[in-house]
Amino acid sequence: MTGKILKGIAGFYYVHGTDENIYECKAKGVFRNMNVKPLVGDDVEFSVLDSIELKGNIEQILPRKNALVRPAVANVDQALVLFAITHPEPNLNLLDRFLVMMEVQEVPVKICFNKTDLSGSEEKLALGEIYEAAGYPVYFTSTYDDKGIEEIRDLVRGKTTVLAGPSGVGKSSLTNLLYPQAEMETANISEKIQRGKHTTRHSELFGIGRDTYLMDTPGFSSMYLEDLECSQLKDYFPEFEPYEDECRFLGCVHIGEKTCGIKDAVEEGKINRGRYENYRLLYQDLKEKRRY
């Protein structure tokens, strides 16, 4: 039988079979010998050992469309990155790091700002302008009064979606609205530190409809870019491309060069200055890592 791995805990993998049952499976030893580990989201072939207790063995991992490192998940169609529009204030440097990570792994990204019930229209307008100009679809929701939730339902339908973002922004609340059976733990924002508790403890896919899977991932407070050369970073800021022909030098990295189409576009307001400054910070981070 074939199926999809929904979660893996302590060496057991829970596989959603084509018969709509969920089987507790072990992976065959051959995977360890090949240094291959099944991932949440893997499509697999498995044998049924007990049709009453729903036990099985994973026999084969089917070819992956992609595989992410963090979160560890395979066959992702899109990422929905969720930040609060306020309480806590969005860390746009962290958001830009996440966008670069997904660009590197060629996973389409949609951005959602939650808690619109706590903000005014100015914040929505400003954030929408920044990221829509960079080429990313932007959604606004409130899990408190359900605004924008139907639009998110349409967005995830028929796809495997990774839901990610820092703690306390409403990821588990959104998952509960889209799939009430998840019964995921939610936590209040700490008034003292304005940061949420880590409430999601492992990566898990939820089948929320026909061919529709949603993964809520453990919240992150930092995002590190691995195996990326600083000279490559510019390729993962989509809004730079229209202005690169105006750079004087081939291979311009848009940092110290005097004649630079990107820097000119920033000065003229064609590229958001905050995005460019985050690019500079990321570039310096990657450059520093090369020294060690």
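What this report covers is the structure whose coordinates are included nearby. Here the structure is a predicted model, which is why all the values come from computation and not from measurement.

### With respect to the pairing of strand 13 (residues 212–216)
Part 1 of the argument: Most of strand 13 is tucked away: five of the five residues are buried.
Part 2 of the argument: Side-chain alternation along strand 13 places Thr212, Leu214 and Asp216 on one buried face and Tyr213 and Met215 on a second face that is also buried.
Part 3 of the argument: Relative to strand 13, strand 11 (residues 160–164) is paired through four bridges, and the arrangement is parallel. The residue of strand 13 that forms the bridge with valine 162 is methionine 215.
Part 4 of the argument: Summarising the sheet, strand 12 (residues 204–209) and strand 13 pair through five bridges and their orientation is antiparallel.

### Focus on the packing of aromatic side chains
Part 1 of the argument: One pass over the full model with this rule turns up nine aromatic pairs.
Part 2 of the argument: Look at phenylalanine 113 and phenylalanine 140: their rings are 5.9 Å apart centre to centre, the planes differ by 25°, and that puts the pair in the stacked class. Remark: phenylalanine 140 occurs in strand 10 (residues 138–140) and phenylalanine 113 occurs in strand 9 (residues 109–114); sequence separation between them is 27 residues. Of the two residues, phenylalanine 113 and phenylalanine 140, both sit in the buried class.
Part 3 of the argument: Through a chain of ring-to-ring contacts, the aromatic side chains of Phe237, Phe240, Tyr276, Tyr279 and Tyr283 assemble into a single cluster.
Part 4 of the argument: Lying over the aromatic face of tyrosine 14, lysine 7 brings its terminal NZ or CZ to 5.3 Å of the ring centre.
Part 5 of the argument: Residue placement shows lysine 26 over the ring face of phenylalanine 12; its charged tip is 4.7 Å from the ring centre.

Reading the values: rules and limits
Residues numbered from 1 in each chain as written. Predicted model: local features only at pLDDT ≥ 70, side-chain atom pairs only at ≥ 80, totals over all residues. Heavy atoms only, no water. Buried < 20%, exposed > 50% of the residue type's maximum accessible area, 1.4 Å probe, protein only. Helix = DSSP H or I, 4+ residues; strand = E, 2+ residues; numbered from the N terminus. Pairing = 2+ DSSP bridges. Phe/Tyr/Trp six-rings, centres within 6.5 Å; stacked < 30°, edge-to-face > 60°. Lys NZ or Arg CZ within 6 Å of the ring centre and 35° of its normal.

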